[in-house]
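Notes for the structure review
Residues per chain, in single letters:
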Amino acid sequence: MSGNWERGVRRVVPYTPGEQPSGDVIKLNTNENPYPPSPKVKAAVDAVSDGRLRLYPDTVCRELTAELAAQAGVEPEQVFIGVGSDDVLSMAFLTFFNTDEPVLFPNVTYSFYDVWAKVYGIKYKTVALDKEFRIHTQDYFEKNGGIVIANPNAPTGILLGLEEIESIVAANPDSVVIIDEAYIDFGGKSAVGLTARYENLLVVQTFSKSRSLAGLRIGMAYGDKKLIKYLSDVRFSVNSYTMNTLSQVGGLAALRDREYFEKTRAEIIRVREYSKAKLEELGFSLTDSAANFLFAKPSGKTAGELFSALKARGIYVRWWDKPEISDRLRITVGTKEQMDALFAALKELL
Ligand SMILES: *Cc1c(COP(=O)(O)O)cnc(C)c1O
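Since the structure is predicted, the reported quantities are computational estimates derived from the model, not experimental observations.

For the rest of this paragraph, the subject is the site of the ligand. Taken together, Gly84, Ser85, Asp86, Leu89, Tyr110, Asp180, Ala182, Tyr183, Thr206, Ser208, Lys209 and Arg217 make up the full set of residues adjacent to the ligand. A distance of 2.5 Å is found between an oxygen atom of the ligand and a side-chain nitrogen or oxygen belonging to tyrosine 183. Relative to its unbound accessible area of 380 Å², the ligand is 92% covered by the protein chains. Top contributing element to the shell around the ligand by residue count: helix α4 (residues 84-96), with four residues. A breakdown of the residues in the shell around the ligand according to their chemical character gives four nonpolar, four polar and four charged.

So, in structure tokens, the structure goes:
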């Protein structure tokens, strides 16, 4: 029997993440870290007792929150933790973007922002980047219901300086400004310090990229105590047990192993700079990426052709069939061996 039940359905077009192919492929398509997480993570997770797993997890992630706060130089009440930064950002959209004015974000940026706006019924307006994919701060000085900026931006990799971030936050005291710092550890200066002076600033980060823990799903936000309280109130109105025990324990171990973090992120930065030069030799033009990926425009073949030809050889990169960026590939910085395999394949194809 079929009635008209679909009239009440909330219909959405979901976000499409990069492919997760199985088997022996070179995976440079979703900006994961090519190195394993700190060995201390596995040791800490293995040591969790059955007795602890039997119980509900700590709803407020007390230890992880305290360590994040200490390392960032803020109070624990200024830290929010979620199931990856996607969860943190989704909760932040739901909490802070609730007026009739449009939320502003760049026309080329993380493609989840418009998906959240749509699912929550939030009005939004995209702001065009310039021809070099740069963000101009004064474009964000008009009346708005909130602002989201990824810094460095994705998939361009281009970084805004702290003064530019501050000028946007300072010009918008009547809106919440979210700075998504998923890639900040690969070369940028975090805006966390600005939260001491601006109540309207929320800075979001993740363990998925620089800490090699995309699989544990841990993201965090820093902000004024009042801002964080509003965010927590909404979260606890949706689900109180979001952060599972193993993620809390593993995340804490990763955070405490600073030496490993510094070593692996320095290596990724080194391979990124090496890869930029190699791609330029192969005729690509690149943005000045401060992230763990490169945004590269080929010459000779189209980006779409290269994307398919590389995939046929088991090398996965990312390509979007969107007018502003369809002439570019986004290539995650892998190990030097993975990158050399990519360059060898490109050499043959071009
Ligand atoms: C990867 C990414 C995220 C989401 O990461 P999580 O794995 O959910 O923490 C958020 N924003 C940007 C810009 C990203 O690239």
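Next, the rest of the story.
The subject of this paragraph is the environment of asparagine 144. Position of asparagine 144 among the secondary structure elements: in the loop between β4 (124-127) and β5 (146-150). On the basis of relative accessibility, which here comes to 6%, the residue asparagine 144 falls in the buried class. As for asparagine 144 and leucine 213, which are separated by 69 residues in sequence, their C-alpha atoms are 35 Å apart. Once residues within four sequence positions are removed from consideration, asparagine 144 is found in contact with Glu101, Pro102, Leu104, Asn172 and Ser175. Separated by 2.9 Å, the side chain of asparagine 144 and the backbone nitrogen of glycine 146 make a polar contact. Within the structure, the side chain of asparagine 144 is placed 2.7 Å from the side chain of serine 175, a separation counted as a polar contact.

Moving on to the sheet that holds β5. Read from one edge of the open sheet, seven strands run β2-β8-β7-β6-β5-β3-β4, paired in mixed fashion. Strands at the two margins of the open sheet, each flanked by one partner only, are β2 (79-82) and β4. Between one strand and the next, the sheet's axes are offset by a mean angle of 20 degrees, whatever the strand orientation. Of the pairings in the sheet, the one linking strand β3 (residues 103-106) to β5 comprises two bridges and is parallel in character. Residue pairing in the sheet places valine 103 in a bridge with glycine 146 of β5. Contacts from helix α3 (residues 62-72) reach β2 and β8 (219-222) within the one sheet, and its direction differs from that of β2 by about 130 degrees. Along the sheet, helix α7 (residues 225-238) makes contact with β2, β7 (201-206) and β8, crossing β2 at roughly 30 degrees.

The next subject is the domain arrangement of the protein. We note that the domain assignment places domain 1 (18-37 + 259-349) and domain 2 (40-256) within the protein. Here the C-alpha centre of domain 2 lies 25 Å away from the C-alpha centre of domain 1. Surface buried jointly by domain 1 and domain 2 totals about 2,000 Å² across both partners, of which 63% is contributed by carbon and sulfur atoms. Ranking the residues of domain 1 by area buried against domain 2 places Pro37, Phe261 and Ala290 at the top, with a combined share of 27%. There are zero salt bridges connecting domain 1 and domain 2. Put simply, domain 1 and domain 2 have eight residue pairs in polar contact (both at pLDDT 80 or more) between them. Sorting the residues of the side of domain 1 that touches domain 2 by element identifies α9 (258-281) and β10 (293-297) as the ones contributing at least two each. Counting residues per element, the side of domain 1 that touches domain 2 draws most heavily on α9, which supplies five residues.

What follows deals with unusual backbone geometry. With an omega dihedral of 0 degrees, the bond running from asparagine 151 to proline 152 counts as a cis peptide bond. Within the fold, proline 152 resides in the loop between β5 and α6 (162-170). Going from alanine 154 to proline 155, the amide bond is cis rather than trans, its omega being 0 degrees. Along the chain, proline 155 falls in the loop between β5 and α6. Positive phi is not limited to glycine here, since cysteine 61 has a value of about 45 degrees. Relative to the helices and strands, cysteine 61 is located in the loop between α2 (50-54) and α3. For cysteine 61, a relative accessible area of 1% translates into the label buried.

Turning our attention to the pairing of β8. Of the two faces of β8, the one lined by Gly219 and Ala221 and the one lined by Met220 and Tyr222 are each fully buried. As paired strands, β2 and β8 are joined by four bridges and run antiparallel to one another. Across the sheet, phenylalanine 80 pairs through a bridge with alanine 221, a residue of β8. Where β7 and β8 come together, four bridges link them in antiparallel fashion. Note that in β8 the partner of threonine 206 across the bridge is glycine 219.

What counts and what doesn't
- Residues numbered from 1 in each chain as written.
- Predicted model: local features only at pLDDT ≥ 70, side-chain atom pairs only at ≥ 80, totals over all residues.
- Heavy atoms only, no water.
- Near = heavy atom within 4 Å.
- Polar contact = N/O pair within 3.5 Å; in protein donor to acceptor, adjacent residues only side chain to side chain.
- Areas by Shrake-Rupley, 256 points an atom, 1.4 Å probe, with all protein chains shown as cover.
- Helix = DSSP H or I, 4+ residues; strand = E, 2+ residues; numbered from the N terminus.
- Nonpolar A, V, L, I, M, F, W, Y, C, P; charged D, E, K, R; others polar.
- Buried < 20%, exposed > 50% of the residue type's maximum accessible area, 1.4 Å probe, protein only.
- Contact = heavy atoms within 4.5 Å.
- Pairing = 2+ DSSP bridges.
- Axes fitted to C-alpha atoms, helices over the stretch in contact; angles between N-to-C directions.
- Domains from an automatic or database assignment.
- Buried area = accessible area lost by both parts, 1.4 Å probe.
- Salt bridge = Lys/Arg side-chain N within 4 Å of Asp/Glu carboxyl O.

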